[in-house]
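Tertiary structure, described
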Amino acid sequence: MSIVHWFTNDLNSKDRVLTRDLISMAIADGEFTEEERLEILRICHEQGISEKELLDSLRGENIHIPGTQEEKYNYMAHLIGVMNADGVCSPLEIHTLEVLAKRIGFNLKEIQK
């Protein structure tokens, strides 16, 4: 299944994981920059996510949804890191962030405090 096919057919699925959402954020503005790629790899390395686990998550395997408030906060921080990696924050990326936050039950207003 191609990445385009996955995005058009699985956006409403509850089995999203950090790596999927990082990539969603990276391509939200229609571009996938080297800075975004490096930020995703940095986050994966920091979180102990191997390249195999990254690819598995794109295939819907080994799913983990953040459960605690701390996990959700860290999850959102990573998404924001990818959103800002290329120095451009498009309206599509902001919308994607809002959708992904809602999907995991995170209130974005908590970040603004």
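Refer to the structure above for everything that follows.
This text gives an overview of the structure that appears in the document. The model shown is predicted, which means the values in this text are computed figures rather than measured ones. (Residues numbered from 1 in each chain as written. Predicted model: local features only at pLDDT ≥ 70, side-chain atom pairs only at ≥ 80, totals over all residues. Heavy atoms only, no water.)

1. As for the overall build of the protein
Looking only at helices and strands, the protein features 6 helices and 0 strands. Across the protein, helices and strands are ordered from the amino to the carboxyl terminus as α-α-α-α-α-α. Each of the 113 residues in the protein was classed as buried or not, and the buried ones make up 40%. Counting contacts in the protein only where the partners sit at least 6 residues apart, residues at least 24 apart contribute 71% of the total. Split by element, the accessible area of the protein, about 6800 Å² in all, is 56% carbon and sulfur. (Helix = DSSP H or I, 4+ residues; strand = E, 2+ residues; numbered from the N terminus. Buried < 20%, exposed > 50% of the residue type's maximum accessible area, 1.4 Å probe, protein only. Contact = heavy atoms within 4.5 Å. Areas by Shrake-Rupley, 256 points an atom, 1.4 Å probe, with all protein chains shown as cover.)

2. Brief notes about the side chain of E39
Relative to the assigned elements, E39 resides in helix α3 (residues 34–46). At 2.7 Å, the side chain of E39 and the side chain of R42 are in polar contact. (Polar contact = N/O pair within 3.5 Å; in protein donor to acceptor, adjacent residues only side chain to side chain.)

3. Concerning the packing of helix α5 (residues 69–84) against helix α6 (residues 91–103)
Here α5 crosses α6 at 165°, and the two axes come no closer than 11 Å. With respect to their mutual orientation, α5 and α6 come out roughly antiparallel. α5 and α6 meet at a crossing whose hand is right-handed. In this structure, α5 contributes M76, L79, I80 and M83 to the contact, and α6 contributes E93, I94, L97, L100 and A101. When its residues are assigned to classes, the contact of α5 with α6 shows 8 nonpolar, no polar and 1 charged. (Axes fitted to C-alpha atoms, helices over the stretch in contact; angles between N-to-C directions. Parallel < 35°, antiparallel > 145°, perpendicular 65-115°, else oblique. Left-handed = near helix turned anticlockwise from the far one by under 90°. Nonpolar A, V, L, I, M, F, W, Y, C, P; charged D, E, K, R; others polar.)

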